[in-house]
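Each chain is listed here by its residues.
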Amino acid sequence: MILAAIIFKLGILVPAWADLIIDVKGLPSSQIVEGQRKLDAVWMALPPIMREALSSDIKIEFKNWPAPQERRTTIFGEYRDRKIYLNKSLQAALTSPSDHLKVKRVLAHELMHAYEHALKASKKQKLSQNEQFLALLNFTKRGVIVRTRSQSNVMEQRSPDVYEFENPKEAVAVNFEHFLLDPEFGCRRPAVYHFLSRALNFEPTKQCETSHLVAVNNGSFISERPFYWANIDPKRVYSIHYLFASKGSALMSRWGHAMFRIVLCAPERTQVGPECELDIDHHVVASYRANINELKISYWKGLIGAYPSQLFLLDFAQVIEEYTKGELRDLLSVPMSLSEEEKNLFLFRVIEHAWSYRSKYKFLSNNCATESLNLIKGTVDDAEFNDKYPFSPKGLYSDLEKTKLMEADLLADKTAAQARGLLIVSKRASLQRAFEILKQKGLRSDKADVKEFVEKSKPVDRRRDYENLLTLNPGERMKLAALCFALESQAEHMAQKQYMKFLGKKLFDLKNTSPLYSKSLDLRKSYDQLMAWNLVPQGYGAPTLQEILGIDEASLTERSRSLNRETKALFEQLKQLVPEKTAEITYIEESVKWLRQLALSMQPSLP
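Residues numbered from 1 in each chain as written. Predicted model: local features only at pLDDT ≥ 70, side-chain atom pairs only at ≥ 80, totals over all residues. Heavy atoms only, no water.

> Mind showing me how you'd approach the overall build of the chain here?
On a plain count of helices and strands, the chain comes out with 23 helices and 15 strands. Across the 607 residues that make up the chain, the buried fraction comes to 50%. For the chain, long-range pairs separated by at least 24 residues make up 67% of all intrachain contacts whose partners lie at least 6 apart in sequence. Of the roughly 29,400 Å² of accessible surface on the chain, 52% is carried by carbon and sulfur atoms. (Helix = DSSP H or I, 4+ residues; strand = E, 2+ residues; numbered from the N terminus. Buried < 20%, exposed > 50% of the residue type's maximum accessible area, 1.4 Å probe, protein only. Contact = heavy atoms within 4.5 Å. Areas by Shrake-Rupley, 256 points an atom, 1.4 Å probe, with all protein chains shown as cover.)

> Before we go on, may I ask you to explain the pattern of salt bridges in this structure?
Any two side chains of opposite charge can pair, given that their charged atoms come close. Within the structure shown, the criterion is met by 25 salt bridges. Residue Glu78 is joined to Arg80 by a salt bridge in which the shortest nitrogen-to-oxygen separation is 2.5 Å. By relative accessible area, Glu78 is classed as partly exposed at 27%. Overall, the relative accessible area of 37% leaves Arg80 in the partly exposed class. Between Lys505 and Asp509 there is a salt bridge, with the nearest N and O atoms lying 3.2 Å from each other. Pair noted here: Lys505 and Asp509 are both in helix α19 (residues 477-509), with a separation of four residues, about one helical turn. Shared partners join several salt bridges into a network, and the residues in it are Glu184, Arg188 and Glu547. (Salt bridge = Lys/Arg side-chain N within 4 Å of Asp/Glu carboxyl O.)

> Honestly, the sheet that holds strand β1 (residues 20-22) in this entry has me stumped. Any pointers?
As a general point, the strands of a sheet are linked pairwise by backbone hydrogen bonds and lie either parallel or antiparallel. If you trace the four strands from one edge of the open sheet to the other, you get β1-β2-β4-β3, paired in mixed fashion. The sheet is open, and its two borders are formed by β1 and β3 (77-80), each paired with just one other strand. Ignoring strand direction, the axes of neighbouring strands in this sheet form an average angle of 25 degrees. Helix-sheet contacts for helix α4 (residues 100-121) involve β1, β2 (58-63), β3 and β4 (83-87), and the interaxial angle to β3 is about 20 degrees. (Pairing = 2+ DSSP bridges. Axes fitted to C-alpha atoms, helices over the stretch in contact; angles between N-to-C directions.)

> Whenever I open this one, the packing of helix α20 (residues 515-529) against helix α22 (residues 553-577) confuses me. Can you help?
Helix-helix packing is described using two parameters, namely the angle between the two axes and the distance between the axes. Closest axis-to-axis distance for the α20/α22 pair is 11 Å, and the angle between their directions is 155 degrees. Regarding the angle of α20 to α22, the classification is roughly antiparallel. Regarding α20 and α22, the two cross each other, and that crossing is left-handed. Residues Leu516, Lys519, Ser520, Leu523, Ser526, Tyr527 and Gln529 of α20 form the contact with α22, whose own contacting residues are Arg559, Leu563, Asn564, Glu566, Thr567, Leu570, Gln573, Leu574 and Leu577. (Parallel < 35°, antiparallel > 145°, perpendicular 65-115°, else oblique. Left-handed = near helix turned anticlockwise from the far one by under 90°.)

> Which parts of the structure should I look at to understand the packing of aromatic side chains?
Aromatic ring pairs are described here by two measures, namely the spacing of the ring centres and the angle between the planes. Counted under the stated rule, the structure contains 15 aromatic pairs. Taking 4.5 Å as the distance between ring centres and 5 degrees as the angle between the ring planes, the aromatic pair formed by Phe133 and Phe195 counts as stacked. Remark: Phe195 occurs in helix α8 (residues 190-200) and Phe133 occurs in helix α5 (residues 131-136); sequence separation between them is 62 residues. Owing to a relative accessible area of 10%, Phe195 belongs among the buried residues under this scheme. Three or more aromatic residues joined by ring pairs make a cluster, and in this case those are Phe176, Phe179, Phe185, Tyr193 and Tyr540. A cation over a ring is seen here: Lys377 above Tyr389, with NZ or CZ 3.8 Å from the ring centre. Lying over the aromatic face of Phe502, Lys581 brings its terminal NZ or CZ to 5.2 Å of the ring centre. (Phe/Tyr/Trp six-rings, centres within 6.5 Å; stacked < 30°, edge-to-face > 60°. Lys NZ or Arg CZ within 6 Å of the ring centre and 35° of its normal.)

Structure follows, in structure tokens:
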């Protein structure tokens, strides 16, 4: 070899395993020697499985590429025909201590391309063709009629290098260079690190403390804190459930809603087991939703993907309230059949997506079902499931059942399923029973359905009917007052939702005539700044534990309280603009308070 002869004359020994060879044309001896040292270091840092596949020499040559303005990005390297071509701008970096990492990353990147070529030559599957790995890298198949594979993540500010979004081959190479050379990669992209470690039978040294902390939405945007921290450490998670909300009345919920329930054990438990299913207050729900940052929802924008799709982590108790009471929909929580490794990988993916994933939400083609589907595809290596492309939560439920990836038979016994918390029925049935009992006792209403009764009857008429009913049945006043309270509480819940939508529409209508609209936009931007991913320092992937612990909690709480006060003041001003609607809500609240006091006052006192 030319290089070996030159170095031999210089009196320098070359290790027998040095298979990366610099083309010495035009290079001074200092760059040759130092360059070879860097090559050797990268070569020996490779996983053994890669060095074995790349057994023959690979030559390194420097060349010029067009200026950046003539291309989308600057090209620093390229692999072709057993050669790695490096941008001439890297030549000086061969002897510069400050730039040595850049050279190593370019070499590692191109060596992954070389490895992929070697796999193809030996008729083995390339990493860039592995369905599970492609899902991990967010390259997913889209399209109802013609399916094409594309990058779904558009959150570039949490990417180590936006070149990873170019295509699957570059995504693999970019992630490999950081896997090999970045000691924080295992903490920032734990799912990708886990997969590469298994695929390459190699674990680079990690120099960071992995954080399993995620921000869980507390269910209220008017609070002292918009979220709380949950530690979804795989060692503290008993199981993962597919959480399915039955169909709703709104256009975007006709086919149900797909979510996941993370059965997180209470901190005081010393063992992780079935008992953790009782720790409902600690369970976390992972739900892909459209992040609608407008006062008025546009169904057209929902169809064309104008709203971002993000993974929201929610309080399970709040989700139960949202669906079973707020929307009168059943919840099915079905345990998934995941191995321990698959469960860990699922949680790693949740951590990655919670911090650094944003796509385009489309009601029909890229919705909660397709996003959930790809989360699972990145978790399990199942050929049968990889061929499934459901576009609805119900379709995903069916495919999970067919491929035995969830234990749907546990719902066969509804009583047992309810007792275990796998079937959480909506309030509709119990409210309907209460409504029918009250009608039998003399409640005057032309409404046949309780939902229609609480949503469409007038508050004044309901209050009058309650008073007449209780007068007719003095001996059953406590029982009937409790039933009336249940109905009016539901009416209050529904009315509050409609009231908030009405205020939003009113505010939207004022956008050209009132400073209140501008104030609302400023508040929304301020709330966005309090979202967890905006609180940690710039960096890619999930933040490290040190970065999360560095968040100024006192300042965060104070900012939240200040926004809370400003938001309440804005609502008070809005309420004055709609006196009739405000008076109606106030009247319903007073009716609920009256019925509650009436029911409690009739209860026998304790001895």
